[in-house]
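Inside the fold
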Amino acid sequence: MTNTEKKFPLSLSSVVDSRSAQARQTATPQTALKNLARGESRAAPVNSVPKTVAARSNSGHSGSGLSPAVAHGNPHGMGSDKIRHAMVARVAQQGVQDALVLDALAAIPRHLFIESGLSSQAYIDASLPIGHHQTISQPYIVARMMELMRNGRALQHVLEIGTGCGYQAAVLSLVAKQVYSIERIKALHELAKENLRPMRIANIRLHYGDGMLGLPQVAPFDGNILAAAGLEVPQALLMQLAVGGRLIAPVGSRSQVLQLTERISKDEWAATTVEACHFVPLRAGVI
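These lines cover the structure that appears in this document, whether it is placed above or below. (Residues numbered from 1 in each chain as written. Predicted model: local features only at pLDDT ≥ 70, side-chain atom pairs only at ≥ 80, totals over all residues. Heavy atoms only, no water.)

So, about the overall build of the protein. Within the protein one finds 9 helices and 10 strands. Burial analysis of the protein (287 residues in total) assigns 55% to the buried set. Sequence-distant contacts, at least 24 apart, represent 66% of the contacts inside the protein between residues at least 6 apart. Accessible surface, the protein as shown: approximately 12100 Å² in total, 53% of it carbon and sulfur. (Helix = DSSP H or I, 4+ residues; strand = E, 2+ residues; numbered from the N terminus. Buried < 20%, exposed > 50% of the residue type's maximum accessible area, 1.4 Å probe, protein only. Contact = heavy atoms within 4.5 Å. Areas by Shrake-Rupley, 256 points an atom, 1.4 Å probe, with all protein chains shown as cover.)

Below you can see the structure in the form of structure tokens.
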């Protein structure tokens, strides 16, 4: 990690060349509710839940009410534990070491959040289209950002900017006590609600609005994660970060980097460049 800054507002750190954007297909959003109606989610034994996640659910730590029947879907073999755990193993090989994050990634069926026609690609390490020129992030980047934000801490209130299809919020629900997620595109906000409803996750609060404004009414947050890239981190989000809290966001335009920001004190933030990445642009307002 390099290029640490301690001034507010934060400017863009040194920019690393990003990967070229993947060619995206046009996809009609497919909801988890419709997948379930097609019989694409089948119950599996509760004891097949990863041990760490199972222990957290039993203790009530995460507050998630994730249904075992949904957490272990099996549409034509694509949602099986074996394939999902193989995906998680690849993520671990890429350097993600947080066991809690890896267990959460293993517990959430990614195929239920994408167009059924793309289900054969659900567990490859790639972003996929979800409609409205937006994507579901690649599994590695989801896990990496959560690991950086968590930093081994027990997370209480976490804010996500860019709900999208709801996948990342579902994973976050297993590593934080309360997850607040904002989406600016109404159709995606509704899609996320449909996707998450059958999972009965109790600790996610979805909001339709301008993510760049955050949620001052429930701040401060001890974690903040952005799923879209701006030229700099919005000041409102920095101000809503608790002292000691961590914010992880892609920053840049054509060339982007992951930037980790820690709030050191009431008036001091430290920003560190982590690695190259590629995200859709962060935009203001709602549509």
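A few words now on the environment of A176. Among the secondary structure elements, A176 is positioned in strand β5 (residues 176-183). Residue A176 is classed as buried on the basis of its relative accessible area of 0%. Distance in space between the C-alpha atoms of A176 and Q156 is 5.5 Å, their sequence separation being 20 residues.

All chains considered together, the criterion is met by 7 salt bridges. Here D81 makes a salt bridge to R84, at a shortest N to O gap of 3.2 Å. Within this pair, D81 and its partner R84 are both found in helix α4 (residues 81-93), separated by 3 residues, close to a single helical turn. Using a relative accessible area of 24% as the deciding quantity, one classes D81 as partly exposed. Of the charged contacts, one joins R246 and E262 as a salt bridge, the two residues approaching to 3.3 Å between their closest N and O atoms. (Salt bridge = Lys/Arg side-chain N within 4 Å of Asp/Glu carboxyl O.)

Ranked by internal contacts, the top residues of the largest apolar core, which has 56 residues, are L105, F113 and Y167. Apart from the residues lying within four places of it in its own chain, the contact partners of L105 are R84, M87, V88, V91, P139, V142, A143, Y167 and V171. A228, L237, L241 and V251 belong to the second-largest nonpolar core, a separate cluster that totals 18 residues. (Core = buried A, V, L, I, M, F, W, Y, C linked by side-chain atoms within 4.5 Å.)

Let us look at the side chain of D222. The topology assignment puts D222 in strand β7 (residues 221-226). When near neighbours in sequence (up to four residues on either side) are disregarded, D222 contacts R153, A154, L155, Q156, H157, V158, A242, G245 and R246.

Before going further, it helps to examine the packing of helix α5 (residues 99-107) against helix α6 (residues 139-150). Put simply, α5 and α6 touch, their axes get as near as 9 Å, and they point 145° apart. Handedness of the crossing formed by α5 with α6: right-handed. Between α5, through L100, V101 and L105, and α6, the contact on the second element is made entirely by P139, V142, A143, M146, E147 and R150. In the contact of α5 with α6, the residues fall into 7 nonpolar, no polar and 2 charged. (Axes fitted to C-alpha atoms, helices over the stretch in contact; angles between N-to-C directions. Left-handed = near helix turned anticlockwise from the far one by under 90°. Nonpolar A, V, L, I, M, F, W, Y, C, P; charged D, E, K, R; others polar.)

Now for the packing of aromatic side chains. The geometry of an aromatic ring pair comes down to the distance between the two centres and the angle between the two planes. Throughout the structure, instances matching the rule amount to 2 aromatic pairs. Ring centres of F113 and Y167 lie 5.7 Å apart, and the angle between their planes is 70°; this geometry places the pair in the edge-to-face category. Of this pair, F113 sits in the loop between α5 and β2 (128-131) while Y167 sits in helix α7 (residues 167-172), and the two are 54 residues apart along the sequence. Neither F113 nor Y167 differs from the other in exposure class; each is buried. Between Y180 and F221, the ring centres sit 5.9 Å apart and the planes meet at 65°, which makes this aromatic pair edge-to-face. In this pair, Y180 sits in strand β5 while F221 sits in strand β7, placing the two residues 41 residues apart along the sequence. Taking relative accessible area as the criterion, F221 reaches 0% and is therefore assigned buried. Sitting over the face of the ring of Y167, R110 holds its NZ or CZ atom 5.9 Å from the ring centroid. The aromatic ring of Y208 is capped on one face by K186, whose charged end is 4.7 Å from the ring centroid. (Phe/Tyr/Trp six-rings, centres within 6.5 Å; stacked < 30°, edge-to-face > 60°. Lys NZ or Arg CZ within 6 Å of the ring centre and 35° of its normal.)

Here the focus is the pairing of strand β4 (residues 155-161). Working note: regular strand, side chains alternate between the two faces of the sheet. The element β4 is largely enclosed, with a buried count of 5 among its 7 residues. The sheet contact formed by β4 and β5 spans 6 bridges and is parallel. Within β5, the residue paired with E160 across the bridge is S181. Read as a crossover between parallel neighbours, the route from β4 over α7 to β5 is right-handed. Note that β4 and β7 share 4 bridges and pair parallel. What sits directly across from E160, in β7, is I225. (Pairing = 2+ DSSP bridges. Right-handed = clockwise from strand over helix to strand, strands pointing away.)

Among the structural elements, V158 can be located in strand β4. Classification of V158 as buried rests on a relative accessible area of 0%. Among residues more than four places away in sequence, those in contact with V158 are M149, L172, A176, Q178, V179, Y180, F221, D222 and G223.

This part covers α6. The end-to-end C-alpha separation of α6 is 16 Å, in line with the 16 Å expected for 12 residues at 1.5 Å each. Turning to α6, its buried residues number three or more, namely P139, Y140, I141, V142, A143, R144, M145, M146, E147, L148, M149 and R150. Once α6 ends, the next one or two residues include N151, with phi positive near 50°. (Expected span 1.5 Å × (residues − 1).)

Function-wise, these values are silent; they only describe arrangement.
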